[in-house]
Amino acid sequence: MSEKISEKFTGFGLSPALLKAIERQKYEDPSPIQIQTIPAVMAGHDVLAAAQTGTGKTAAYTLPILDHLSKGSKVRPNHVRALILTPTRELAAQVYESVTNYSRFMPLHSTVVYGGVKINPQMIRLTKGMDILVATPGRLLDLYRQNTVNFQQLEILILDEADRMLNLGFLPEIREIQALIPSKRQTLMFTATFSDEVRALAKDFVSHPVEISVNPEEITVDSVTQWIYPVDKLKKSSLLLKLIRDNHWDKILIFTKTKNGADHLSRKLLKAGIATATIHGNKSQGARSRALAEFKSDKLSILVATDLAARGLDIDQLPLVVNFDLPHLKEDYIHRIGRTGRAGATGEAISFVCFDDFEKLADIERLTKQVLDRRIVEGFEPEKALPESQLDLRPFKPKKPKKMKKPKDLL
Ligand code: AMP
């Protein structure tokens, strides 16, 4: 028997086809970001929202735009009525999956386009016109230049993970797209963090926006039990193997700092008889999708990923995240551990910290406002002992995020 959705959902005035789809998803109550965003979008406002993956942000914008689109005019061939821009192919695929789920009882056309796969099938799909198009910026512009997508009918633009788009250097593409689309439109912008660049972009992208924030950092940190293992750098892989065996871990997402690091670790695990898949920028789109699908369907118990490739991955029921290396950017720690403890579940996140990474640890502890518990495994006591943490309670000054020119060994 399906769960009944609450009056909080029915109270938004969403169409019955959407309520049926929500019921099919077994959502009972709207999440905080949905409670704030859905009415604002339905009232036709622009929205500027601080929300990261795991908060239910995709449904927060998809549900009201589907409602709007289902009531409007028919889309013309090659035209697009709502455009969702995402920084990565993975996020694009995931958002598209949500769009398909929520619109399953509606006669709307939608598709997704991203780079790394053949363009021709995408061009063919676009000919019939799309009520919703999910796209990464580069491929969208390629398609535009080939005259296969027309923005004259565009009513709604959504920028998802705007901060990450800027970090990945997509500003020129975004500006180019901005110049091509009608200025009279509804714009929704979602970002996990607010830098000066994000604010500058918001200034001329959204007009008189409703500003929404759900304080995602605290939510994530609260629902995830975290601790660290102080360990020497060279002993990290053997510690990981021991922990996997001793604890019978059978579903873990492991983060490494670099693509090489991910491959290297994956090979070590394979040698020890543990099959893993890796997700990073050197993998073809097909390989990445396959890896994710196998991990999601429990065919593989370990997925090794780099930060940029894993950003936005939505994996249900993930009990454990392992930070094999601490991330380059302290904010990514929050994004990483946000992969677990989602939608009301609790999760665990552990980090291996070697002496050289002590400063990174201090920054993470300052950001999350807590000293992380430490556990030492017998036989893995670090030779270079990790200094004691002193919690620094001063907030970080907002500063410009480092521009990653070409995320060569990170993606
Ligand atoms: P998102 O932040 O959009 O990546 O969504 C995170 C996860 O929350 C996804 O697995 C959604 O299916 C799920 N989700 C979204 N809205 C709800 C809701 N109202 N109740 C329960 N789960 C939800």
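For clarity, every value in this text was computed on a predicted model and none was experimentally measured.

**Observations concerning the pattern of salt bridges**
Here is step 1: Evaluation of the coordinates by the stated rule reveals 17 salt bridges.
Here is step 2: Note that Lys57 and Asp160 form a salt bridge whose closest N and O atoms lie 2.8 Å from each other. With Lys57 in helix H4 (residues 57-71) and Asp160 in the loop between strand E5 (156-159) and helix H8 (162-167), this residue pair connects regions lying 103 residues apart in the sequence. Neither Lys57 nor Asp160 differs from the other in exposure class; each is buried.
Here is step 3: Among the ionic pairs, Lys242 bridges to Asp246, the shortest N-O distance being 2.8 Å. With Lys242 and Asp246 both in helix H12 (residues 236-247) and four residues apart, this pair spans about one turn of that helix.
Here is step 4: A residue is classified by how much of its surface remains accessible, and Asp246, at 47% relative accessible area, is partly exposed.
Here is step 5: Through salt bridges with shared partners, a single ionic network connects Lys57, Asp160 and Glu161.

**Description of the sheet that holds E5**
Here is step 1: Reading across the sheet, the seven strands line up as E3-E4-E2-E5-E6-E1-E7 and stay open at both edges, with parallel pairing between neighbours. The open sheet terminates on both sides in strands that have one partner only, identified here as strand E3 (110-113) and strand E7 (210-213). Neighbour-to-neighbour, the strand axes of this sheet turn through a mean angle of 15 degrees, independent of strand direction.
Here is step 2: Sheet topology note: the strand E1 (residues 47-50)/E7 ladder contains four bridges and is parallel. Of the residues in E7, the one forming a bridge with Ala50 is Ser213.

**Some words on the packing of aromatic side chains**
What characterises a pair of aromatic rings is the spacing of the ring centres plus the angle enclosed by the ring planes.
Here is step 1: With the rule as written, the count across this model stands at seven aromatic pairs.
Here is step 2: Ring centres of Tyr144 and Phe151 lie 5.5 Å apart, and the angle between their planes is 10 degrees; this geometry places the pair in the stacked category.
Here is step 3: The exposure class assigned to Phe151 is buried, which follows from its relative accessible area of 3%.
Here is step 4: Between Phe324 and Phe352, the aromatic rings sit 5.8 Å apart at their centres with planes inclined by 55 degrees, giving tilted as the arrangement. With a gap of 28 residues between them, Phe324 in the loop between strand E12 (320-323) and helix H16 (330-337) and Phe352 in strand E13 (residues 347-353) connect regions that are remote in the sequence.

**Digging into the site of the ligand**
Here is step 1: The ligand sits among 14 residues. The nearest are Tyr27, Gln34, Gly54, Gly56 and Thr58.
Here is step 2: Contact between the ligand and Tyr27: an oxygen atom at 2.5 Å from a side-chain N or O atom of the residue.
Here is step 3: Measuring from a nitrogen atom of the ligand, one finds a backbone N or O atom of Asp29 at 2.8 Å.
Here is step 4: In isolation the ligand exposes 500 Å². Once the protein is present, 83% of that is buried.

**Some thoughts on the domain arrangement of the chain**
Here is step 1: Examined at the domain level, the chain breaks down into domain 1 (7-214) and domain 2 (218-374).
Here is step 2: Distance between the C-alpha centres of domain 1 and domain 2: 29 Å.

**Details of helix H10 (residues 196-205)**
Here is step 1: Among the residues of H10, Val198, Leu201, Ala202 and Phe205 are the ones counted as buried. One side of H10 carries all its buried residues, which in axial view fall inside an arc of 100 degrees.
Here is step 2: Packed against the buried residues of H10 are E1, E5, H8, helix H9 (171-180) and strand E6 (186-191).

**Regarding the packing of H9 against H10**
Here is step 1: Here H9 crosses H10 at 5 degrees, and the two axes come no closer than 12 Å. In terms of axis orientation, H9 runs roughly parallel to H10. In contact with Leu171, Ile174, Arg175 and Gln178 of H9, H10 contributes Ala200, Leu201, Asp204 and Phe205.
Here is step 2: Among the residues making up the contact of H9 with H10, the classes are represented as five nonpolar, one polar and two charged.

**Here's the deal with the packing of H16 against helix H17 (residues 358-368)**
Here is step 1: With their axes 8 Å apart at the nearest point, H16 and H17 run at an angle of 65 degrees to one another. Taken together, the axes of H16 and H17 are roughly perpendicular relative to one another. Judged by the sense of rotation from one axis to the other, the crossing of H16 with H17 is right-handed. Along its contact with H16, which presents Lys330, Glu331, Tyr333 and Ile334, the element H17 presents Asp363, Ile364, Leu367 and Thr368.
Here is step 2: Looking at the contact of H16 with H17 residue by residue, the class counts come to four nonpolar, one polar and three charged.

Cut-offs used in this document
- Residues numbered from 1 in each chain as written.
- Predicted model: local features only at pLDDT ≥ 70, side-chain atom pairs only at ≥ 80, totals over all residues.
- Heavy atoms only, no water.
- Salt bridge = Lys/Arg side-chain N within 4 Å of Asp/Glu carboxyl O.
- Helix = DSSP H or I, 4+ residues; strand = E, 2+ residues; numbered from the N terminus.
- Buried < 20%, exposed > 50% of the residue type's maximum accessible area, 1.4 Å probe, protein only.
- Pairing = 2+ DSSP bridges.
- Axes fitted to C-alpha atoms, helices over the stretch in contact; angles between N-to-C directions.
- Phe/Tyr/Trp six-rings, centres within 6.5 Å; stacked < 30°, edge-to-face > 60°.
- Near = heavy atom within 4 Å.
- Polar contact = N/O pair within 3.5 Å; in protein donor to acceptor, adjacent residues only side chain to side chain.
- Areas by Shrake-Rupley, 256 points an atom, 1.4 Å probe, with all protein chains shown as cover.
- Domains from an automatic or database assignment.
- Arc of directions from axis to C-beta.
- Contact = heavy atoms within 4.5 Å.
- Parallel < 35°, antiparallel > 145°, perpendicular 65-115°, else oblique.
- Nonpolar A, V, L, I, M, F, W, Y, C, P; charged D, E, K, R; others polar.
- Left-handed = near helix turned anticlockwise from the far one by under 90°.

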